[in-house]
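# Close look at the chain arrangement
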Amino acid sequence: SILWTNNDDVVGSPTLEHCNIEDGDAGTGNISADPQFDDAPNGDFHIGMGSPCIDAGTNQGWMASATDLDGWQRIDNGTVDMGCYETYFPVATVISIQ
């Protein structure tokens, strides 16, 4: 999960692990770095190519057949991304000219 610009992000005493939490709440694998949303002011919470949330989540068994909010596979590149969207990068084509 990503909890960012929510003022007091966490209420109570939940156990949060492998999350990006703005105020730096403790927990295994948690970070507190700008998630670099594509366009949060306009409601686009996809994470950008330089985001520290890419491949920073923790895989769970149920994710093998799950999809993100766009309908894409939940795990790409071996490790799930933090947040509700998985980031997919364009595949480069290398052409060799001889």
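So, a few notes on the structure that sits alongside this text.

Calculation rules
Counting restarts for each chain, with residues numbered from 1 along the sequence as it is written. Predicted model: local features are reported for residues with pLDDT of at least 70 only, side-chain atom pairs are reported and counted for 80 or more only, and whole-chain, interface and lining totals are derived from all residues. The basis for every side-chain value is the complete set of non-hydrogen atoms in the structure, without hydrogens or water. Helix numbering and strand numbering both begin at the N terminus, where a helix is a DSSP run of H or I of at least 4 residues and a strand a DSSP run of E of at least 2. Partly exposed describes any residue whose relative accessible area lies between the buried limit of under 20% and the exposed limit of over 50%, with all areas from a 1.4 Å probe on protein chains only and scaled to the type maximum. What makes two residues a contact is simply this: any of their non-hydrogen atoms within 4.5 Å. Surface exposure here means Shrake-Rupley accessible area, sampled with a 1.4 Å probe, where a residue is shielded only by the protein chains that are shown. Two strands pair under a simple rule: DSSP has to find at least two bridges between them. Counting of polar contacts relies on pairs of N or O atoms within 3.5 Å, with two restrictions inside protein: one atom must be capable of donating a hydrogen and the other of accepting it, and residues adjacent in sequence are counted only when both atoms are side-chain atoms.

## Observations concerning the overall build of the chain
Across its full length, the chain holds zero helices and four strands. For the chain, the succession of helices and strands along the chain, N to C, is β-β-β-β. Out of the 98 residues in the chain, the part that is buried amounts to 28%. Contacts in the chain between residues far apart in sequence, at least 24 positions, make up 28% of those at least 6 positions apart. Counting every atom, the chain has about 6,500 Å² of accessible surface; 50% of that belongs to carbon and sulfur.

## Here we look at the environment of Met49
In this fold, Met49 is placed in the segment after strand 4 (44-47). Residue classification places Met49 among the exposed residues on the basis of a relative accessible area of 65%. A C-alpha to C-alpha distance of 8.3 Å links Met49 and Gln36, two positions 13 residues apart in sequence. Contact partners of Met49, with chain neighbours within four places excluded, come to Ile54 and Phe89.

## Overview of the pairing of strand 4
Pairing geometry for strand 3 (residues 37-39) and strand 4, over two bridges, is antiparallel. By the bridge assignment, Phe37 is partnered in strand 4 with Ile47. Between strand 3 and the antiparallel strand that follows it, strand 4, lie four residues; Gly43 among them carries a positive phi value of about 85 degrees.

## Concerning the side chain of Ser51
Here Ser51 shows up in the segment after strand 4. For Ser51, a relative accessible area of 6% gives the class buried. A polar contact is formed between the side chain of Ser51 and the backbone nitrogen of Cys53, at a distance of 3.0 Å. Those residues in contact with Ser51 that lie beyond four places of it in its chain are Pro35 and Gln36.

## As for the environment of Glu17
Mapped onto the elements of the fold, Glu17 is located in the loop between strand 1 (2-3) and strand 2 (20-21). Relative accessible area serves as the criterion here: at 44%, Glu17 is assigned to the partly exposed category. It is 8.5 Å that separates the C-alpha atoms of Glu17 and Gly57, two residues lying 40 residues apart in sequence. Those residues within four positions of Glu17 in sequence are excluded, and the remaining contacts are Thr28 and Asn30.

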